[in-house]
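Architecture at a glance
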Amino acid sequence: MKKVVLASVLIASFAWCSGVPAATDPLYQKECASCHFGYQPALLNKASWEKVMGSLSEHFGTDASLGKEDSQAILSYLVRNAGNGKITTGNDTTRITLSAYFKRKHREVPLKQILQKEVGSLSNCMACHTTADKGSYSERYIVIPNYGRWE
Ligand code: HEC
Ligand code: HEC
């Protein structure tokens, strides 16, 4: 009995550290996963998603505006599934990559690996996290282009 409890605690904490629920909403996938992959809702908190969705006409140097209905439906999906734990704590910006947690986790990634043309910036999660689209960021599935597995 004890063993079973311990095993499930381990599995639960493992899943929590390296993963977030996948972004499955079809409208979100259609509208928000064309220029970049669909960042999972749990990667930002409610305040951040409100800022992102409130400024789509000036979205990181591009215009990502949507009609009112689609925009409201997506905002509601994002807010319903927003993060509220260690990944998003203290981050009320529009960027996942500016959270303290994110910066800490990527501190050891050499700049030349990030700036190479196959990656470009840390916002390009899929370039290194081969399973990012499934919400899985486990170190086991990290492959840096031209450098290989992360160990
Ligand atoms: C027309 C292209 C385009 C569309 C459509 C688009 N984005 Fe973006 N998005 C960008 C660009 C460009 C960046 C900046 C990437 C970078 O800095 O490398 C970005 C960055 C982001 C970031 C910040 C990532 C980071 O650096 O932490 C979030 C969050 C985001 N987009 C959410 C959305 C959402 C939500 C939608 C749908 C409503 C959306 N995007 C649709 C082009 C787009
Ligand atoms: C240049 C490659 C690269 C890019 C791009 C990148 N990461 Fe990472 N990421 C890593 C590496 C390498 C680690 C492991 C770092 C370590 O353990 O020191 C990591 C760790 C993580 C972790 C912690 C995993 C764990 O089990 O502790 C999360 C979560 C994560 N990244 C999310 C993201 C997200 C979300 C994006 C995009 C917004 C992203 N990463 C972009 C390379 C990258």
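The structure we're discussing is the one just above.
Below: a short report on this structure. These numbers were taken from a predicted model, which means no experiment stands behind them.

In this section: the site of ligand 2. As a structural note, the neighbourhood of ligand 2 is formed by 23 residues, with Lys105, His106, Cys125, Cys128 and His129 the closest of them. Here His129 contributes a side-chain N or O atom positioned 2.8 Å from a nitrogen atom of ligand 2. Side-chain polar atom of Glu139 to an oxygen atom of ligand 2: 2.9 Å apart, as the coordinates give it. Counting residues per element, the ones that place at least two in the shell around ligand 2 are helix H1 (2-18), helix H5 (100-106) and helix H7 (125-128). Residue contributions to the shell around ligand 2 peak at four residues, all from H5.

Close contacts around ligand 1 come from 22 residues, with Cys32, Cys35, His36, His59 and Arg95 the closest. His36 places a side-chain nitrogen or oxygen 2.8 Å from a nitrogen atom of ligand 1. One of the backbone nitrogen or oxygen atoms of Ile96 is found 2.7 Å away from an oxygen atom of ligand 1. Mapped onto the shell around ligand 1, the elements with two or more residues apiece are helix H2 (26-32) and helix H3 (46-53). The element best represented in the shell around ligand 1 is H2, accounting for three residues. Tallied by class, residues from the shell around ligand 1 come to 12 nonpolar, eight polar and two charged.

Considering all chains together, one arrives at five salt bridges under this definition. Salt-bridge contacts for Glu31 lead to Lys30; the nearest nitrogen and oxygen are separated by 3.1 Å. Between Lys117 and Glu118 there is a salt bridge, and its shortest N-O distance comes to 3.6 Å. For Lys117, a relative accessible area of 77% gives the class exposed.

On to unusual backbone geometry, then. Its identity is not glycine, yet Phe60 carries a phi of approximately 50°, on the positive side. Among the secondary structure elements, Phe60 is positioned in the loop between H3 and helix H4 (68-80).

Let us look at the packing of H3 against H4. Axis separation between H3 and H4 bottoms out at 9 Å; the angle between their running directions is 165°. Put simply, H3 runs roughly antiparallel to H4. For the pair H3 and H4, the crossing hand works out as right-handed. On the side of H3, the interface is formed by Lys46, Trp49, Glu50 and Met53, while H4 contributes Ser71, Ile74, Leu75, Leu78 and Val79.

Cut-offs applied
Throughout this description, residue numbers start from 1 for each chain and increase along the sequence as written. By the order in which they are written, chains take letters starting at A while ligands take numbers starting at 1. Residues qualify for local features only when their pLDDT is at least 70, as the model is predicted, and side-chain atom pairs are given and counted only at 80 or more; totals for whole chains, interfaces and linings, by contrast, use all residues. Side-chain numbers here rest on the full set of heavy atoms in the structure, without hydrogens or water. The near set for a molecule or strand comprises every residue that places at least one heavy atom within 4 Å of it. In protein, a polar contact requires one atom able to donate a hydrogen and another able to accept it; more generally it is a pair of N or O atoms within 3.5 Å, and residues adjacent in sequence count only if both atoms are side-chain atoms. For helices the rule is a DSSP run of H or I covering at least 4 residues; for strands it is a run of E covering at least 2, with both sets numbered from the N terminus onward. Three categories are distinguished: nonpolar for Ala, Val, Leu, Ile, Met, Phe, Trp, Tyr, Cys and Pro, charged for Asp, Glu, Lys and Arg, and polar for the others, with Gly belonging to the last. The salt bridge criterion pairs a side-chain nitrogen of Lys or Arg with a carboxyl oxygen of Asp or Glu, the two atoms within 4 Å. Only protein chains enter the area calculation, which uses a 1.4 Å probe; residues under 20% of their type maximum are buried, those over 50% are exposed, and those in between are partly exposed. Convention adopted: a line fitted to C-alpha atoms gives each axis, helices being fitted over their contacting stretch, and angles between N-to-C directions are expressed from 0 to 180 degrees. In what follows, roughly perpendicular refers to angles from 65 to 115 degrees, roughly parallel to angles under 35, roughly antiparallel to angles over 145, and oblique to any angle outside these ranges. A crossing counts as left-handed when the near helix is turned anticlockwise from the far one by less than a right angle, and as right-handed when that turn is clockwise. Contacts between residues were defined by any pair of non-hydrogen atoms, one from each residue, lying within 4.5 Å.

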